[in-house]
Amino acid sequence: MKIAVLKAGEATDLKSVDKVVHILKEYGIKADKISPEDIAKGKLSKFDVLVIPGGRALKQAEALGDEGRKIVKEFVEKGGGYIGICAGAYLASKGEGKFASYLGIVNTQAADIEHWDRGCGDVQVKVKDPNHPVLKAYYGVLTVYYENGPILRRSNDLNLVPYTELATYISDIHENGPEKITPNASALTASEYGNGRVVLFSFHPEFTAGLEEMLVQAALWCAKTSPEEYPLKLKKTHDVKIKGAWLWGKTVYNLGVDGAKIITDQMKEYGFTDIFLLVKGTAGRVDYNSKIALGLAHPDRDILKEVVEEAHKKGIRVHAWFVVGSDKQWATLHPEDRMVHIKRGPDDTAVALLSLNYREYVKNIVKEVLGNYKIEGIHVDYIRYLHVEFGFNEDYEIAEAKKMGLNIDKVKYLIDRTYYTEKDGKSIFEAYDKGDKDVIGWVGIRRNAVKSFAEEIKNVVKSYNPKVKYSAALKPEGAYTSNFLIAQNDSKTFVIVHCGQDYKDAFLIYDFVTPMLYWAYYGKSPQWTVVLYNNAKNILGKERVYPGLQAYSPVKTSDLSDAINYIKRDEGEGIVFFKYDTFALSKIDIKKINNKEEKIINIILTNSLSRDNFSDVNVTEEEIENVDITKVEIEMKGNYTIKNILESTPEVTIQVSENNKLITITGNPCIPQNGTLKISAVIEGEGDKNCEPAQVRFYVTDKYYEVRVYNQY
């Protein structure tokens, strides 16, 4: 299979051309650049698919000329493939007037074409046809990079067949132009022209992390082949260096006096390198023997001491995790320092970030931990405002605004329009993007409060020991490239205005950050995680971003596996799971047998769950008490098949499916809480280099609630 990618001077974006060629070659597909002159000489006939990349559609049409455009149309009509990306999608559509030189090989027209420069950045699209070959393994809401692409609408040309709508826009992209044009418009289409196939991307898959395979699948479909017929050559991905997990102190406590040993033994077995132990939560109580904290979470035990001792025996690093902006203990004892809501007034759990007394208190307990415990890191969380509606303490934010001469009534009015009177969801954010000086000043006060507090804690940490790592859990929206006018809530504007967090500030403060990329919580697909991870590392650097992955309900093993594999393919340095005890563990090892085609697969399965992890699942108290595993499924991936089972325990029942791809283990239980099960089998075939050789799924209680499993391989 051979792919031609048009390169036509200023008519095509060289970065787009080079990126498309690079991606296709990475997957083992022969891809070459082709010029309009080459096309005119008949060289297009040597290829299976033509890719028209980003650039300027009218210039592309001009560069091809009448003869070149005729050759391209005939190439597709006779069975060739066509992939149009952004400008290439414009070019394939039907045009009128000054756009009459468009090819017209797809039954679509670009809407609102006079406002073609709508904006650039990350936007959201919804998959409409997940069963189409172009979208294999893609589903739900995807985050894509958009750069003034066509807003495709169906045309009614009876000479052209209707196209299949593969994905539609969710975001209302209107930085330059009217609102409500893009939502529900086609973002990705597949169609036929004569005997050929056409795929149009309004967005840029080549510039979107996680969509490389979609571009490849489009090439295969347009070439009328498939991965089964045309095996793709992929380089083996490498495991991440850092594997961490957030861990609640109460999880350790509830397991008894051996809790720290049980958990660190499990983490060592499954390759974890870092623990982020909660030592100060939203309630304000601490989980160590403090002489200055306002309250102790577990006065009878020093959880931090227990974890540090057990973790260090096994070479696992410990980061003391502090919740900063929420502290019910302080808010109760110091009501004047409470964070104030625009309507509800003072909050009983949140503290004003500008309170000097509270800042000193937080710094003192950080000093206490640094002085009394041999830890590797200080990790801060909730170092932000909770919402744009918070931050109206008269002694702090309001006082600062008055010094600056800001119109606070205007700011309140815009927030009121956004969430109360008009409920338009946009007024305060659009005012910021449009440069309103009062809104920008107000947002600046809150942003500086977050930044200065974080810097003060950093100074404490680094003055004690420069080698101690200082990190933060950050809201994910700060890693978006778009402003609110382009992507609404999925924008960096959203989190700066809401929370006062800015990734550019984080670059100057933290040794590393863990963006909280909880895709299911945000209604996204796992692909969203790698987009925001990629953006964050572009700001802070690859070695300073460890994406925080959602490992709690309702995420399934398949979703967690997808997210991990996306990060691995992007050569991520590390991952951190939220949170330990909400996911189970498995480890897979495959060994060859005397150079035969057969192999032995050894699988270790551990039930690391606690009752805490079901707090967000609709189950009864009785079911929460029982976190024993009653069923395990082991699904072979790639071309692997099971020949026979070698080793198991008599307490469980094992069945192999008729297609020899699935092992089902049942028992009452088959793995009790904190128990381990080992199984060995003979397998045949080959696996996929880019994912685990088998996917393991756990189910708890007789009703079989699926629990996520982290598969180490």
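Here the structure is shown first, and the text comes after it.
Sequence order as written defines the numbering, with residues in each chain counted from 1. Per-residue local features of the predicted model are confined to residues with pLDDT of at least 70, and side-chain atom pairs are confined, for both listing and counting, to 80 or more; whole-chain, interface and lining totals are unaffected and use all residues. Each side-chain value is derived from all of the structure's non-hydrogen atoms; neither hydrogens nor water enter the calculation.

A.B. asks: Can you lay out the packing of helix 18 (residues 527–540) against helix 19 (residues 557–569) for me, pointing to particular residues and giving the numbers?
C.D. replies: Every axis in this analysis is a line fitted to C-alpha atoms, fitted for helices over the stretch in contact. Angles between the N-to-C directions lie between 0 and 180 degrees. Secondary structure elements are defined from DSSP: runs of H or I of at least 4 residues count as helices, runs of E of at least 2 residues count as strands, and each element is numbered from the N terminus. One can describe the packing of helix 18 onto helix 19 by two numbers: an axis separation of 8 Å at closest approach and a directional angle of 30°. For the crossing formed where helix 18 meets helix 19, the hand is right-handed. Between helix 18 and helix 19, the residues in contact are Gln527, Thr529, Val530 and Tyr533 and Ala563, Tyr566 and Ile567, respectively. Along the lines of polarity and charge, the residues of the contact of helix 18 with helix 19 split into 5 nonpolar, 2 polar and no charged. Helix crossings fall into two classes, left-handed where the near helix is turned counterclockwise from the far one by less than a right angle and right-handed where it is turned clockwise. In this analysis, two residues are considered to be in contact whenever any of their non-hydrogen atoms come within 4.5 Å of each other. Residue polarity follows a fixed list, in which Ala, Val, Leu, Ile, Met, Phe, Trp, Tyr, Cys and Pro are nonpolar, Asp, Glu, Lys and Arg are charged, and the others, Gly among them, are polar.

A.B. asks: Describe the sheet that holds strand 21 (residues 574–578), naming the residues involved and giving the relevant values.
C.D. replies: Read around the barrel, 8 strands follow the order 12-13-14-17-18-19-20-21 and close on themselves; strand pairing throughout is parallel. Neighbour to neighbour, the strand axes of the sheet diverge by 25° on average, direction disregarded. The sheet contacts of helix 8 (residues 303–313) involve strand 13 (274–280) and strand 14 (317–323), and relative to strand 13 the element is tilted by about 170°. Strand contacts of helix 10 (residues 356–372): strand 13, strand 14 and strand 17 (377–381), with the helix running at about 160° to strand 14, the strand carrying the most contacts. One requirement defines pairing of two strands: DSSP has to find at least two bridges between them.

A.B. asks: Go over the environment of alanine 100, please, and point to the residues and values.
C.D. replies: Tracing the chain through its elements places alanine 100 in the loop between helix 4 (87–92) and strand 5 (108–111). Each residue is placed in one exposure class: buried if its accessible area under a 1.4 Å probe, protein chains only, is under 20% of its type's maximum, exposed if it is over 50%, and partly exposed if it falls in between. Judged by relative accessible area, which is 52%, alanine 100 ranks as exposed. Distance from alanine 100 to isoleucine 365, taken between C-alpha atoms, is 70 Å for residues 265 residues apart in sequence.

A.B. asks: Mind laying out the packing of aromatic side chains, listing which residues take part and the relevant values?
C.D. replies: A ring pair, where both rings are aromatic, is described by two values, the distance of the centres and the angle of the planes. Stacked, edge-to-face and tilted are the three classes for Phe, Tyr and Trp ring pairs, Trp counted by its six-membered ring, which pair at centre distances within 6.5 Å; planes under 30 degrees apart are stacked, over 60 edge-to-face, the rest tilted. Here the structure, examined in full by the defined rule, presents 31 aromatic pairs. Seen from their ring centres, tryptophan 246 and phenylalanine 578 are 5.8 Å apart, and the 65° between their planes marks the pair as edge-to-face. Placement of tryptophan 246 in strand 12 (residues 242–247) and of phenylalanine 578 in strand 21 is noted, with a sequence separation of 332 residues between them. For the pair tryptophan 246 and phenylalanine 578, one class covers both residues: buried. Ring geometry for tyrosine 288 versus tyrosine 373: centroids 5.8 Å apart, planes at 80°, classification edge-to-face.

A.B. asks: Describe the environment of lysine 78, naming the residues involved and giving the relevant values.
C.D. replies: Within the fold, lysine 78 resides in the loop between helix 3 (57–77) and strand 4 (81–85). A residue is classified by how much of its surface remains accessible, and lysine 78, at 70% relative accessible area, is exposed. Taking C-alpha positions, lysine 78 is 64 Å from alanine 449, a pair spaced 371 residues apart along the chain.

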